[in-house]
Each structure stands twice: as structure tokens, then as C-alpha cells.
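This is what each chain is made of:
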Amino acid sequence: MASDVVITCIVPISYRDASVLFDRSSTYSYMSSYFASCLDMTCDFLVTPIYVSTPIRDSIVIDHVYHSCVVTIGGYERTVDLLFLNIVDFDVILGMDWLSKYHAILDCHAKTVTLAMPGFPMFEWRGSLCHIPSRVVSFLKAQRMVGKGCLLYLAFVRDISADTPTIDSVPIIERISRCVPCRPTEYVTR
């Protein structure tokens, strides 16, 4: 059964597919550091830094923003200013700043987002009907438990029964008989 707490999906953000969380409990919208590195955009400093409380009761200072990122849903393009936040489970979190600006109505049980802006036709979009990734819940739970004094163990698990592929197992599409040597970069001193 799908979680009725959140709506997640893949949505184009600035014309690149992003893993998005629609979060009615977040005041602002955020972009992950990984996703930011994939975009050809520059970030700006916020005039006034924002203090953000996380679900594990930590407080983080946010001082960078990506202005006018394009959100494409159902062929409609809308913009959002995304605050730079070091998150790993989603590329983008769309919070109340975006949801209220576009008169979004969230139905978490049906996993729908309805944009009901005055003067525009109502548009309903259906999100993923899958569970929230378990790593999100387990990470938050682990952080809380460590905060209460529990010990934390990090484990690296590897399946040694699986064969490691060899270079010979990679199919060759075309052999190149000669290689063009690379020219070293020329440096100019002043």
C-alpha cells in the first residue's frame, strides 16, 4: 500500500528530470547540491540568510538561492526560487511557497496535485503511487536515535557471490585503428 503522507514524482525542473517531493509542511522550496551541479545555472546569495529546522530538530543556515527555476507539469511551465540545501533523497522539494503561489491542492491519499489558479483551466496531475524510499525514514530515525545516545555502526555490504565483469565482457561496437593524440593545454604566464 502506498504511503498517504507524501507525494513524490519525477518532474522536469529547468528542463532536467528531477526526483521531486511535494511537501506541504515545508515553508520554502529546495534543490539538492547534486541536482544543482547538473544544471547550468548560477546561484545567488540571499540578502538575509534563512534558518531552517529539519525533521530531526537540527537548524541549518541557508544562504544561497537559484532564482526562476522552471517547473514543467502537464506542459505548463511555472517558476520557483529554490534554496540550496544539502539533501540526498530528493533532487527538489517543492514547499508552500510554490504550492500556494500556484493554488496547488494536494490529495496525499490519491497522490494528486491540482493547480487551480484563477484565470487558468484547472489541471490535475497524478504523482507516484509507490512508497517513500525507506532510506528517508531510516536515516531520520537513525539520526533521532543517535541524538538520544544510541551507538551508530556503519556497514559496507558486498555480494561476493556475484561475478565481477571483465573488460572482455564489454561488447565492442567499432574498433578505431588509430588514435588522435591529445594536445596538452597551453598555459600563458603574465
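What this report covers is the structure whose coordinates are included nearby.

### Some remarks on the packing of aromatic side chains
Where two aromatic rings form a pair, the distance of their centres and the angle of their planes describe that pair. Evaluated as defined, the whole model comprises five aromatic pairs. When the centroid spacing of 6.2 Å and the interplanar angle of 50 degrees are considered together, the rings of phenylalanine 22 and tryptophan 98 count as tilted. Of this pair, phenylalanine 22 sits in strand β2 (residues 16-22) while tryptophan 98 sits in helix α2 (residues 96-101), placing them 76 residues apart in sequence. By the burial criterion, phenylalanine 22 is buried, and tryptophan 98 matches it. Among the aromatic residues, those joined into a ring-pair cluster are Phe22, Trp98, Tyr102 and Trp125.

### Some details on the pairing of strand β10 (residues 123-126)
In β10, alternate side chains face the same way, and those of Phe123 and Trp125 are buried while those of Glu124 and Arg126 on the opposite face are not. Note that strand β9 (residues 112-115) and β10 share four bridges and pair antiparallel. Paired with leucine 115 across the two strands is phenylalanine 123, which belongs to β10.

Rules used throughout
Residues numbered from 1 in each chain as written. Predicted model: local features only at pLDDT ≥ 70, side-chain atom pairs only at ≥ 80, totals over all residues. Heavy atoms only, no water. Phe/Tyr/Trp six-rings, centres within 6.5 Å; stacked < 30°, edge-to-face > 60°. Helix = DSSP H or I, 4+ residues; strand = E, 2+ residues; numbered from the N terminus. Buried < 20%, exposed > 50% of the residue type's maximum accessible area, 1.4 Å probe, protein only. Pairing = 2+ DSSP bridges.

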